[in-house]
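Now for the letters of each chain:
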Amino acid sequence: MNIHEYQGKEILASYGVRIQRGIVANNAVEAVAAAKQLTAETGTGWHVIKAQIHAGGRGKGGGVKLAKNLQQVEEIAGQIIGMQLITPQTSAEGKKVNKVLVAEDVYYPGESETSEFYVSVLLNRATGRNMIMYSTEGGMDIEEVAEHTPHLIFTEEVDPSVGLQGFQARRIAFNLGLSGNAFKEMVKFIDSLYNAYIGSDASMFEINPVLKTSDNKIMAVDAKVNIDDNALYRQPKYAEMRDIREENPIEVEAKEVGLNYVDLDGTVGCMVNGAGLAMATMDLIKYAGFEPANFLDVGGTADAKRVETAFRIILKDPNVKAILINIFGGIVRCDRVAQGVVDAYKNMGDAINVPIIVRLQGTNAEIAKELIDNSGMPILSAVQFQEAADQVKAALS
């Protein structure tokens, strides 16, 4: 579950991480009020207006701007709120901005130059350990750093049996070239950041940039946070941070009815039971020369109502040109699935306007094939994997 920058900063602050302070506003009037409150609390004279969407690269799309007075705060907030913000991490349509974060200016002059760093905490799936990735090249795309100057990216793996050790936090601060008070501040920052990652059941905390201010303080200027969906049952206060306006509406609807659905960019809709078979089916579609339009696991219960719901969700994607149903009848009997497909087709009538290819294997597979073949419905049946692929290819050629 992705959350907004301001929500990620709230989590960080609760674990003692110094953050760039800010107040959320839903319109230009609230933005001006937030700016006045920030000035009273922090003394800041300038304000940063930051669009709140679930995507990075907001600055490149015009979603992060500096306001030097209250009039500019009102003007910029009015421009950003309601805009379709397009960034390198959004689709071509972009995302609508519903709110902004009015933040304090932390790039003030002082005794030393400011510096920006990159720090993230995530799971290294290859080693099964949490990993802190960091770089001196903060404030820019870490992917570009990895591609052009990989020697500037460092990693620190954490043994889960003992947790983050003091020497590791100090090594990070040393590799970032810090000394004096900034060194001590970074050590504390890394320790608190890691505690926030563990305590919130996050799958990623990305802070870009981490700023060393002109008076040698270390703070999080941004926060990109992803909370593990599987842990939300024990993190109810974080579950409330979910903003479904930022999510794919079809995926939200599928989740509400208990279907595991992920929207993709292809033209062949998939309805499968079991994640492993679903992945294999997607490979089959690509092998046939096409792209899957979705990942959809209907689970062990594939009755008429569930199949009909799955049909309706798949067909909400206008790019779908054919649907491949691939069911293994282990827990569920194939004849029940076949009857469900036929009944769903009858119930939906003209709503299904694309070819349907059904492959059923397992318990009562032969009976299931007979049911489909004798249904009088324009449904194509297949027995073998390759046969299903060929049927998809023929239907779309």
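Please read all numbers here as calculations on a predicted model, not as lab measurements.

## Things to note about the packing of aromatic side chains
Then, in step 1: Throughout the structure, instances matching the rule amount to two aromatic pairs.
Then, in step 2: A centroid spacing of 5.3 Å and a plane angle of 20° characterise the contact between Y134 and F154, whose relative ring orientation is stacked. Taken together, the residues Y134 in strand β9 (residues 129-135) and F154 in strand β10 (residues 153-158) connect sequence positions 20 residues apart.
Then, in step 3: Pairing Y194 with Y197 gives two aromatic rings, centres 6.2 Å apart and planes at 35°, and the pair type is tilted. Linking Y194 with Y197, this pair stays in helix α6 (residues 180-199), spanning three residues, or about one helical turn.
Then, in step 4: Its relative accessible area of 6% is what places Y194 among the buried residues.

## Some words on the UniProt feature "binding site: substrate" (unreviewed entry) in the chain
Then, in step 1: Using the residue numbers shown here, the UniProt feature "binding site: substrate" (unreviewed entry) corresponds to N273, G330, I331 and V332. A compact arrangement is adopted by the annotated residues: their sequence extent is 60 residues, whereas the largest C-alpha distance between any two is 9.9 Å.
Then, in step 2: Relative to the assigned elements, G330 resides in the loop between β17 (322-329) and α11 (334-348).
Then, in step 3: We classify G330 as partly exposed; its relative accessible area is 46%.

## So, unusual backbone geometry
Then, in step 1: Omega for the bond connecting N208 with P209 falls within 30 degrees of zero, at 15°, which places this linkage in the cis form.
Then, in step 2: As for its position among the elements, P209 is in strand β11 (residues 202-212).
Then, in step 3: Of note, N364 is a non-glycine position whose phi angle comes to about 60°, a positive value.
Then, in step 4: In this fold, N364 is placed in the loop between β18 (356-362) and α12 (365-373).
Then, in step 5: We classify N364 as partly exposed; its relative accessible area is 27%.

## Quick look at the packing of helix α2 (residues 28-42) against helix α3 (residues 70-80)
Then, in step 1: Put simply, α2 and α3 touch, their axes get as near as 8 Å, and they point 140° apart. One finds that α2 runs oblique with respect to α3. Where α2 crosses over α3, the two elements pack in a sense that is right-handed. The residues of α3 that touch α2, namely those facing A28, A31, V32, A35 and K36, are L70, V73, E74, A77 and G78.
Then, in step 2: Considering only residue class, the contact of α2 with α3 consists of seven nonpolar, one polar and two charged.

Quick notes on the rules
Residues numbered from 1 in each chain as written. Predicted model: local features only at pLDDT ≥ 70, side-chain atom pairs only at ≥ 80, totals over all residues. Heavy atoms only, no water. Phe/Tyr/Trp six-rings, centres within 6.5 Å; stacked < 30°, edge-to-face > 60°. Helix = DSSP H or I, 4+ residues; strand = E, 2+ residues; numbered from the N terminus. Buried < 20%, exposed > 50% of the residue type's maximum accessible area, 1.4 Å probe, protein only. UniProt positions renumbered as here; feature names shortened; annotations may be inferred. Axes fitted to C-alpha atoms, helices over the stretch in contact; angles between N-to-C directions. Parallel < 35°, antiparallel > 145°, perpendicular 65-115°, else oblique. Left-handed = near helix turned anticlockwise from the far one by under 90°. Contact = heavy atoms within 4.5 Å. Nonpolar A, V, L, I, M, F, W, Y, C, P; charged D, E, K, R; others polar.

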